[in-house]
Number of protein chains: 2
Amino acid sequence: MNNKLFGNAVVGQSGGPTTAINATLAGVIKGAFEADTIGKIYGMRNGIEGFLEERLSDLSEQFGDASGNLDNEKLDMLVNTPAAALGSCRKKLPDPHTDTAFFENLIDLCRKYNIRYFFYIGGNDSMDTVAKISEYLKTSDYEMYAIGVPKTIDNDLAATDHTPGFGSAAKFIATTMQEIVRDCAVYTVPAVTIVEIMGRDAGWLTASAALANSITGYGPDYVYLPEVPFSLENFFADIRAAMEKKPNIVIAVSEGIRFADGRYVGEGTQSGTEDVFGHKYLGGTGSALEQAVKAEFGCKVRAVELNLPQRCAAHCASLTDLEESLKTGYAAVGAAVAGKNGSMISMERAAGKEYAVKFTAKSLSGIANKVRSVPLDYINESGNNVTEACIDYILPLIQGEPALQYKNGLPVHFVIR
Amino acid sequence: MNNKLFGNAVVGQSGGPTTAINATLAGVIKGAFEADTIGKIYGMRNGIEGFLEERLSDLSEQFGDASGNLDNEKLDMLVNTPAAALGSCRKKLPDPHTDTAFFENLIDLCRKYNIRYFFYIGGNDSMDTVAKISEYLKTSDYEMYAIGVPKTIDNDLAATDHTPGFGSAAKFIATTMQEIVRDCAVYTVPAVTIVEIMGRDAGWLTASAALANSITGYGPDYVYLPEVPFSLENFFADIRAAMEKKPNIVIAVSEGIRFADGRYVGEGTQSGTEDVFGHKYLGGTGSALEQAVKAEFGCKVRAVELNLPQRCAAHCASLTDLEESLKTGYAAVGAAVAGKNGSMISMERAAGKEYAVKFTAKSLSGIANKVRSVPLDYINESGNNVTEACIDYILPLIQGEPALQYKNGLPVHFVIR
């Protein structure tokens, strides 16, 4: 590639929104403004679905100032805005080897808007989308570069040290767990509080609940991850042991914990529907355990589901995560301009005591659809807590607090037209 | 009263913890350090229950520096600590006219520790405790001054413009609602999100969910308070009307909404137990409505319970609330030293455009056990939202953000020994 203008770019957001997904979008916008080879940058409304309906936002216009330069104040506001500002979708693309008509249509649209750079921000399913488009591009005479830009609070993408979005979710969960532990400690009557945390297949978010234990000492008594089979018998024994020392027990459980036979603990309480990617819809793990503990111990039991705020609590974001998310988006533009079609931006953690990451583009083939679980040496032998190695891994990712803009007592968010 | 040392003071916290209840405690500690008539200040562990077991903390020692002066850094950390740092209890005192033995025992303990000032921080039930003790003191030869120091996130105490603790809960709810509304707006598929908010009898907290509508425009579509009878038919009609304009509907409901016949909407889904004060234990209002909307509309429906963070999210507190809570505690000491036994500190809002409050001591007789509901002119005619007058009332209470101390990415809290 040389420095000559080559064409326009388009960026989309897909999958579940996160606190940091707009920081990544901001990084792509910043990169596109700076790249000589890129003309306009368009945003897809509601991901690939909206793109196919030609619902596009002119981001060059919305983020440019009067002289067409990047308006950094607007960009900063976007960085601190939760949830996909472009809208999102959940669409599984067909097989590029069999449904060529779908991809021809997609390429025709790119041709129409002279789009030569295609950025898609999302999790595993979105990387699958990029992998298929880049695969098809190899068979097409249309020259375009498709890059996957990772985000997921679940931190379960393969081939990257961690994912943009995870650090902010982890900070919110650790902060809130610490507050809940303080709240639950005020009474002297025996009580068990079960906090249900997101994470269908990987326990990274639930592991974050334990951070306060090592920082301030006010974390949950136990932490149960989906990586280890869940035993109700051991669970009751754990609670009994804790109750010998104090009346108030606080427990963090992943929504995805399963019994040894593979059944989800929360399975009975939900209708068991699946999404278009074949994922089981979970929920009710906390409620199921609440009923079980009530029946066993007869004490006060409360189930708390941290729910949506885990992925949208921008008021409690990690500055490290927001900065890395922005850099990931920026690096994606660099990779596209360098012609790295079909790659994903990955973060590599430097060896040594000082925390540092570098951003590289890795080929998507073999990465998409792989789940990165919490390794077993991050979980203690009893399977009811995490190890120091796990804490050491997560801790750098929750550092720092962004300086938010407030209006009349509420944080101000950016709205894309 | 003159300026001579008269005796010691004791302070307790009772009822449900809040984000600001320790700011009020800090105000009492500050006042006690400054008052010449007060010697030591003790803290009751777990309220009146712990006091009766002589479980006391020496707060003069814990908050004093080497020369016995108040350590402002520790005090500031206490201000930003959620949940009752002294612990709490839920204990209903007997009738002072019939169970004199109980009160004689209490007075004996005060005599033992030379306690002449008695501060009790709490909601309606705690004001009942102070009213009974001060009532009994009138018949005793022991000279002591008992003062009620209000706190409750519910904002339902009579004889005060608002209650310490409410502003922080309102700010957290408004902030989180705004984030949830952004999160829910990302998809194009029809979906209803029902957010259940605390408030058994009064809708103040649920009303706060609407704040973002007037500040940034990203608030819930509807708000249902317990002050207005709930009709499932009207509720469905409201949803249908909103769905004609956009696919994503977000609704805030109070846990305490009831049908016209008096039954709680969430009644069916819980065991209907009562606490020691005879309050019905609620919960499941959101789940009940989730099922109803799913059956009626067949679309995606999600119930979110904001749950415990409403009363303990210190990382999202209102600076105005924390400052007023501290001043309320400080004013309580002033009232006690001035001999105002049996009074409660009340906030009066100044007339005029500029927000200002003054702190006065009001007699507790006739105040305790009265619930202050949201007035009907704060609710719109359709009963599905609040009026501008309501927003104008709440808005000043959520202003400002405290400068929190962080350690390794998490807020630091104070721990009383």
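See above for the structure.
Attention now goes to the packing of aromatic side chains. Residues and elements named next belong to chain A. All told, the structure shown has 38 aromatic pairs over all chains when counted by the stated rule. Between Phe118 and Tyr120, the aromatic rings sit 6.0 Å apart at their centres with planes inclined by 35°, giving tilted as the arrangement. The exposure class of Tyr120 is buried, given its relative accessible area of 0%. Put simply, the rings of Tyr222, Tyr224, Phe230, Phe235, Phe236, Phe259 and Phe297 pair up and form one aromatic cluster. Sitting over the face of the ring of Tyr218, Arg182 holds its NZ or CZ atom 4.9 Å from the ring centroid.

Residues and elements named next belong to chain B. Taking strand neighbours across the sheet as the criterion, the seven strands line up as β3-β2-β1-β4-β5-β10-β11 in an open arrangement whose pairing is mixed. Looking at which strands have only one partner, the edges of the open sheet turn out to be β3 (56–58) and β11 (357–363). When strand polarity is set aside, the average angle formed by the axes of neighbouring strands in this sheet is 30°. With three bridges joining them, strand β2 (residues 38–44) and β3 adopt antiparallel strand pairing.

All names here are of chain A. Residues Leu75, Met77, Leu78 and Val79 constitute the buried set of helix α4 (residues 72–79). Buried positions along α4 lie against α1 (21–34) and α13 (319–337). Here α4 starts with a cap whose side-chain oxygen sits 3.1 Å from the backbone nitrogen of Glu73, and that cap is Asp71.

Moving on to the sheet that holds strand β7 (residues 222–224) of chain A. Residue and element names in this part refer to chain A. In space, the four strands of this open sheet follow the order β7-β8-β6-β9, with parallel pairing throughout. The sheet is open, and its two edges are formed by β7 and β9 (300–305), each paired on a single side. On average, each strand axis in the sheet is tilted by 20° relative to the strand beside it, whichever way the strands run. In the packing of helix α10 (residues 232–243) onto the sheet, the strands contacted are β6 (191–197), β7 and β8 (248–254), and the crossing angle to β7 comes to about 165°. Where helix α11 (residues 285–297) meets the sheet, its contacts fall on β6, β8 and β9, and the angle it forms with β6 comes to roughly 160°.

The next subject is the pairing of strand β5 (residues 145–150) of chain A. Residues and elements named next belong to chain A. In terms of burial, β5 is a largely internal element, six of the six residues being buried. Neither face of β5 is exposed, since Tyr145, Ile147 and Val149 on one face and Ala146, Gly148 and Pro150 on the opposite face are all buried. With six bridges connecting them, strand β4 (residues 115–122) and β5 associate as parallel partners. Bridge pairing in β5 links Gly122 to Pro150.

With that settled, the discussion passes to the packing of α10(A) against α11(A). Axis angle and axis distance: for two packed helices, these are the angle between their axes and the distance between the axes, and together they describe the pair. Residue and element names in this part refer to chain A. Contact geometry for α10 and α11: axes closest at 11 Å, N-to-C directions at 60°. Here α11 runs oblique to α10, going by the angle between their axes. Seen along the crossing, α10 lies across α11 with a hand that is right-handed. Contacts from Leu232, Phe235, Phe236, Ile239, Arg240 and Met243 of α10 reach α11 at Leu289, Ala292, Val293, Glu296 and Phe297.

Taken together, the contact between chain B and chain A spans 60 residues of the former and 60 residues of the latter. Of the roughly 4900 Å² buried at the junction of chain B and chain A (both faces included), carbon and sulfur atoms supply 56%. Counting across the interface, chain B meets chain A through two salt bridges. Of all the elements in the fold, those that place two or more residues in the side of chain B that touches chain A are α7 (166–184), α9 (211–215), β9 (300–305), α12 (309–312), β12 (406–407) and β13 (410–411) of chain B. The element that contributes the greatest number of residues to the side of chain B that touches chain A is α7(B), accounting for 10 residues. Of the residues belonging to the side of chain B that touches chain A, the class tally is 30 nonpolar, 18 polar and 12 charged.

Parameters at a glance
- Residues numbered from 1 in each chain as written.
- Chains lettered and ligands numbered in written order.
- Predicted model: local features only at pLDDT ≥ 70, side-chain atom pairs only at ≥ 80, totals over all residues.
- Heavy atoms only, no water.
- Phe/Tyr/Trp six-rings, centres within 6.5 Å; stacked < 30°, edge-to-face > 60°.
- Buried < 20%, exposed > 50% of the residue type's maximum accessible area, 1.4 Å probe, protein only.
- Lys NZ or Arg CZ within 6 Å of the ring centre and 35° of its normal.
- Pairing = 2+ DSSP bridges.
- Helix = DSSP H or I, 4+ residues; strand = E, 2+ residues; numbered from the N terminus.
- Axes fitted to C-alpha atoms, helices over the stretch in contact; angles between N-to-C directions.
- Contact = heavy atoms within 4.5 Å.
- Polar contact = N/O pair within 3.5 Å; in protein donor to acceptor, adjacent residues only side chain to side chain.
- Parallel < 35°, antiparallel > 145°, perpendicular 65-115°, else oblique.
- Left-handed = near helix turned anticlockwise from the far one by under 90°.
- Buried area = accessible area lost by both parts, 1.4 Å probe.
- Salt bridge = Lys/Arg side-chain N within 4 Å of Asp/Glu carboxyl O.
- Nonpolar A, V, L, I, M, F, W, Y, C, P; charged D, E, K, R; others polar.

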